[in-house]
Every structure is written in C-alpha cells, then in structure tokens.
Number of protein chains: 2
Amino acid sequence: VEERESQVVLGLDPDPARLWPEALAAAPEQGAPAERAAAAMAIHCAALIASAGPACVAVKPQVACFERLGAAGWIALAVTCARAREAGLLVLADGKRGDIGVTSEAYAQAFLSSTPTPFGDVDGLGADALTVNPYMGRDALEPFVAAARDRGAGLFVLVRTSNPGAADVEDLPVGEATVHERVAEIVDGLGEGEPLADVGAVVGATEPQHVGRLRELMPRAPFLLPGIGAQGGRVEDLAPAFAPGRAGGLITASRSIARAHETSDEPPATAARMEAERLRAAAWALS
Amino acid sequence: VEERESQVVLGLDPDPARLWPEALAAAPEQGAPAERAAAAMAIHCAALIASAGPACVAVKPQVACFERLGAAGWIALAVTCARAREAGLLVLADGKRGDIGVTSEAYAQAFLSSTPTPFGDVDGLGADALTVNPYMGRDALEPFVAAARDRGAGLFVLVRTSNPGAADVEDLPVGEATVHERVAEIVDGLGEGEPLADVGAVVGATEPQHVGRLRELMPRAPFLLPGIGAQGGRVEDLAPAFAPGRAGGLITASRSIARAHETSDEPPATAARMEAERLRAAAWALS
C-alpha cells in the first residue's frame, strides 16, 4: 500500500455479455463458445489491469465469473492472476469458500498453496489472499489460516457484507451483540501480526455505521471494503478502517471502474483509469 | 428414490494422494502432473460409481477436490458428472457457494444453468442440485433458487453442519432460537412444492438431536445428511428426516464407502459395493 500509494482493489467481475468492445474485437474468431468467451474475458481483464491497475494495489478476481466458463474459465482466471502479478499487483481471490476441515484444506490448496499427487505437486492459483465464509465455524477457517500463514498470504473472512440480505443472518441479535460481531471476535482470535494481522475481514462499505464498531472488535484486521460506487458506499465514510494504518482499509471497486465509460464521454480504458485514480486519491487523502 | 430404492448419496471427494490402486495404474504415463492426476481422479470416481453406484440414488462431487487441479480438475469434474448421469444417478454438486446476488447468479450459471455470451451459450455443469451457504442472507440465495426452479433442479442450504465448529456460529443463541433455526425458517420460506420442496437443507447426522427439531421447522425440505460413517453419525438416529417421505432424508457417505477396503479383506470395489449396499438397506428399512 505504501509503495503504490494506493488502497484501491480492482474488482474483476467480467460478464461475457458486457465486455469492453476492444476485448470482443480481439477474441479468437474460431473455437468453442467457452474458449472464445474465456479468451475475450482474459483480454478484457488485461485491458482493465493495464488502464486502472497503476492506481491500484491489488486485483480481486470474482471466481464465480470465471468458473461459469468451466475449464476455459479457470485458465482465464490463472492468466488474469499472472497478468496482475506482472503489473505489480497483489491477487485477492474472491471465492467465499468454506467447508469442513478436510475440504477447506482442498480449497486452500486450490487457491493458496499446492496439491501433492503421485505425479508431482500441482500448483494452485497462488493468490495472495482469499475470501472465506465463516458460517461453518472456526474449524472450517483454520485450514485456510494455516495454508495462508505458511506462505505469507492472507485471508478475508466475511463479517458484515454489503448486500441488503446481510441483515437476515449476519445482523441477528446474539445477546447484546450480533452474529457478525461474534464472527468479528473469531476473526480477531485467528489473526497473527502487528499492527496488521494476516486474517482480515470483509466489511461492507454500504452501511458505514458498522466500520467503527468492527474496528474496535478487530483492531489489527485489514478490512476489505466492498460496496463503494455501484452499490452506494462512499469513501468518505470509511475513516475508522484506517486506524491501524493505511493498509487497514482496502477499497474494492468493480463495476464503477469497469463501466465508468457508461457515464462518461471517455473510452472505457480512459474512463476506468480516471475513476480508479479518483478513488485512489480520495482514499489516500482520507487515511 | 422410489425407483432405485435408495436414499444413499455417494460422496466423491477424491484425494489424488489416496486413489484406488487400479485408478493410479490406469492413469496416463505422460503429461503434466495436473492432467495425470485429474485423469486418475476421474478413473477413480468412475470405478466408485460402477461399484457403489447401483446402491445409490445420487453422487455428491466435492467441488474443492477437483478445483485444486485447476482446469484439468474442472474437466475431471464434468466427466465424472456425465458418468454419474449415464449410471442413472442424480448429481448434487457440493460447492457451498454464496455471494451477493449478481455473483450468486454467476455461480448458478456455473453449476445449474448456462451463461449467455456473444459467442453462444456456455453450458454449466448441469447439476441436479447444489449446496449453498446462507451467511449472506436471503438475497444471496434467491438467484440460486430461481435458476434451480427454472430447470427442475434443487438446492441444499447449509443449516446445521456436521463439523465440531458448527457450534461457533450456527448454534449461537438468537432469543429463544439459534442461528441455524433462523436459517431453517428462511429455507422453509424459499422452498416450493409438496410433499417435498425444491429447497432442501444440509443437516449433519453427527448430532441427531437436531434432526427432529429441524424437521418441525422445515416440514417439506429434503434433508441432505452428511456425517454418517467416518464422521461418527448413525443411520438409526435419522428417522425424523423421513417424515415427509422416503426422499426426505438423503444420506451422504464418502470416505466410509471409498475407503471401506481399509477395514476389510475385500478389494476396494467390492468393499465399496458392500458398504453402500449396507447403508442403503439400513436407511430403506428405517424409512
């Protein structure tokens, strides 16, 4: 964050039906639909990384968007992560995984480490961090923590998300607290490191009243803050996230960058660069 | 269930380091480790389906186990699902996905439906059901419900899982109830259909005291019951699951079938067939 003077995380949520025209034009003219769409998706993400990347510290590929193209999509995801690393960006894989221990181990192998096989080790995606889901409890998270710590990577545990339905389960009252506050305590307990721990939290930016309270419960956790832009959140409301340092609040933006040209006279790449730089400057000034 | 006289769901959780010897022997002798391991995995799953499948009603591939081999693993998953369908088995994809609406839509495309692209539609895995995670609330589940309903498929929402850590979040007290009971109410509200709804619930078999109470809260939901065998659950404790009919309780078993030969004198395929048939008969007698 200090090196790039940016707390902006570029969300990569490519929809094959809404790719930049330049990506569609550069897609292969032959091949199965999955392969052509996956190639166009990788080209679109590369163009986004080239234009908005310099204002960002990381990319956050949304695994679902790639996975829907099957094996071809998985290759596009790997190619996109490699491109981001070449551009000096961290990779935060947004997969929201979580399962019983032995299965969380397998997901950790897929995203953070590697899988031993009789034919040799198979490298996973090699992400610098992964988003994980806490519903199944501590033992569903621990294999991710172990795998991440082992290679200097990190995790972001869903705590209080940015969607309206977050109220249904995450906000249920537990005594004087809420479910998401109890999850925050688990996150605080799992993390190691000062002033920032290796286990972070996803905290939606759409309801900023949560940010300050959750910072008290998780004083060392880096916050991944979705919901800025298209979902209605404002950078100006996020000051408490930065209490442990500038890297304490990472601001993710996807559609507001990738579709900035829809509300601008600029071509997609220029509009994306300008919007990412606007966000970068706003967050940097605030922190 | 009636047609096959079985409520047993064959869990497919292949670990490339513990495949049946016949699968390892049949793997390709050349190629990248990921491709060789994925091929061996698909052969192992095909052998499991051939031996234990006749005693089962469905397979439950654990997506994590395939995903850790990247694109090659995704192909092995698709091949395995096709093999299960040829054997007359339903496919319940165990992915435990869940995200904000637009992303849940993408996951639903990946597992249940298809993705429109400018190059033509890309079919997803075409599963008959998918496991999903309710932490993010109703609006994170609804796109899955819509996609599943549209093509006569179903969902299993995590309610009360079989791992010890389930107590950490799922069992938190909410007034007189618990988090998982509140989730059960959401599941009951989302489902349509009589006597069995199209939205089911994952209810761990390791703590059978939950099964009866959750049946009261979700009278029409099919229960997917993991935890029998290796995790310690017993078929005999699951009677309330079958209240809405024999298909009201689907019993999943993975390691206890795939590794039955480790505690038997029989070769893997024979031991797997015997264990699946033992489970089938026990559940059928009970329901």
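Residues numbered from 1 in each chain as written. Chains lettered and ligands numbered in written order. Predicted model: local features only at pLDDT ≥ 70, side-chain atom pairs only at ≥ 80, totals over all residues. Heavy atoms only, no water.

Some remarks on the overall build of chain A
In terms of regular secondary structure, chain A is built from 11 helices and 12 strands. At 18 Å, chain A has a C-alpha radius of gyration in line with the 19 Å of a compact globule built from 287 residues. Principal-axis analysis of the C-alpha atoms gives chain A an extent of 60 × 55 × 35 Å. Counting over 287 residues, chain A shows a buried share of 60%. Surface accessibility of chain A: about 9,900 Å² in total, with carbon and sulfur atoms responsible for 50%. Charge separation in chain A, taken as the distance between the mean sites of 24 positive and 38 negative side-chain charges, equals 3 Å. (Helix = DSSP H or I, 4+ residues; strand = E, 2+ residues; numbered from the N terminus. Rg over C-alpha atoms; globule rule 2.2 N^0.38 Å. Buried < 20%, exposed > 50% of the residue type's maximum accessible area, 1.4 Å probe, protein only. Areas by Shrake-Rupley, 256 points an atom, 1.4 Å probe, with all protein chains shown as cover. Lys, Arg positive; Asp, Glu negative; His and termini not counted. Charge placed at Lys NZ, Arg CZ, Asp CG, Glu CD.)

Focus: the layout of surface pockets
Considered as a void within the structure, the largest pocket measures approximately 430 Å³ in volume. Around the largest pocket, the lining is made up of 27 residues, and of these A:Asp13, A:Pro14, A:Asp15, A:Arg68 and A:Arg259 lie nearest the centre. Of all the elements in the fold, those that place two or more residues in the lining of the largest pocket are β1 (8-12), α2 (33-52) and α10 (255-258) of chain A together with α5 (101-111) of chain B. Taken together, the residues of the lining of the largest pocket sort by class into 12 nonpolar, seven polar and eight charged. (1 Å grid on protein atoms, 1.4 Å probe; cavity = no way out; pocket = protein on both sides within 12 Å on 5 of 7 lines; lining within 4 Å. Points joined across faces, edges and corners; volume = space filled by probe spheres on them. Nonpolar A, V, L, I, M, F, W, Y, C, P; charged D, E, K, R; others polar.)

Side note on the side chain of A:Thr252
Within the secondary structure, A:Thr252 sits in strand β12 (residues 249-253). When residues no more than four places from it in sequence are discounted, the contact partners of A:Thr252 are A:Val9, A:Lys60, A:Leu224, A:Leu225, A:Pro226, A:Gly227 and A:Ile228. (Contact = heavy atoms within 4.5 Å.)

A few points about the sheet that holds strand β10 (residues 199-203) of chain B
Residue and element names in this part refer to chain B. Spatial ordering of the closed barrel is given by β1-β2-β3-β6-β7-β10-β11-β12, a layout of eight strands whose pairing is parallel. In this sheet, neighbouring strand axes are inclined to one another by 30° on average, regardless of whether the strands run parallel or antiparallel. With respect to the sheet, helix α2 (residues 33-52) is in contact with β1 (8-12) and β2 (58-61), its orientation differing from that of β1 by roughly 165°. Strand contacts of helix α9 (residues 209-217): β7 (154-160), β10 and β11 (223-225), with the helix running at about 170° to β11, the strand carrying the most contacts. (Pairing = 2+ DSSP bridges. Axes fitted to C-alpha atoms, helices over the stretch in contact; angles between N-to-C directions.)

Description of the pattern of salt bridges
A full pass over the atoms with the stated rule returns 34 salt bridges over all chains. A salt bridge links B:Asp94 to B:Lys60; the shortest N-O distance between them is 2.7 Å. Within this pair, whereas B:Asp94 is found in strand β3 (residues 90-97), its partner B:Lys60 is found in strand β2, the two being separated by 34 residues in sequence. Of the two residues, B:Asp94 and B:Lys60, neither departs from the other in class, the shared state being buried. In this structure, B:Arg213 and B:Glu181 form a salt bridge, with 2.1 Å as the shortest nitrogen-oxygen distance. Residue B:Arg213 is located in helix α9, and its partner B:Glu181 is located in helix α8 (residues 179-190); the two are separated by 32 residues in the primary sequence. A relative accessible area of 28% means that B:Arg213 is categorised as partly exposed. One network of salt bridges, in which partners are shared, links A:Lys60, A:Asp94, A:Lys96 and B:Asp99. (Salt bridge = Lys/Arg side-chain N within 4 Å of Asp/Glu carboxyl O.)

What about the confidence of the model for chain A?
Detailed reading of predicted coordinates is not advised where the pLDDT is low. For chain A, the mean per-residue pLDDT works out to 96, and 100% of the residues sit at or above 70. Overall fold confidence (pTM) sits at 0.97, and the ipTM for the predicted complex is 0.97. (pLDDT = per-residue confidence, 0-100.)

Overview of the relation of the copies chain A and chain B
When chain A is brought onto chain B, the operation consists of a screw motion whose angular component is 180° and whose axial shift is 0.0 Å, with 0.0 Å RMSD remaining. Viewed as a symmetry operation, the transformation between the two copies matches a two-fold axis. Distance from the rotation axis, computed per C-alpha, reaches its smallest value in chain A at A:Ala71: 2.1 Å. Most of the interface of chain A is mirrored in chain B, where 100% of its interface residues again form contacts. (Least-squares fit on C-alpha atoms with pLDDT ≥ 70 in both.)

Things to note about the packing of aromatic side chains
One pass over the structure, following the stated rule, counts two aromatic pairs over all chains. The positively charged end of A:Arg246 is found above the aromatic ring belonging to A:Trp284, 3.8 Å away from the centroid. Taking NZ or CZ as reference, B:Arg215 lies 3.8 Å from the ring centre of B:Phe223, over its face. (Phe/Tyr/Trp six-rings, centres within 6.5 Å; stacked < 30°, edge-to-face > 60°. Lys NZ or Arg CZ within 6 Å of the ring centre and 35° of its normal.)

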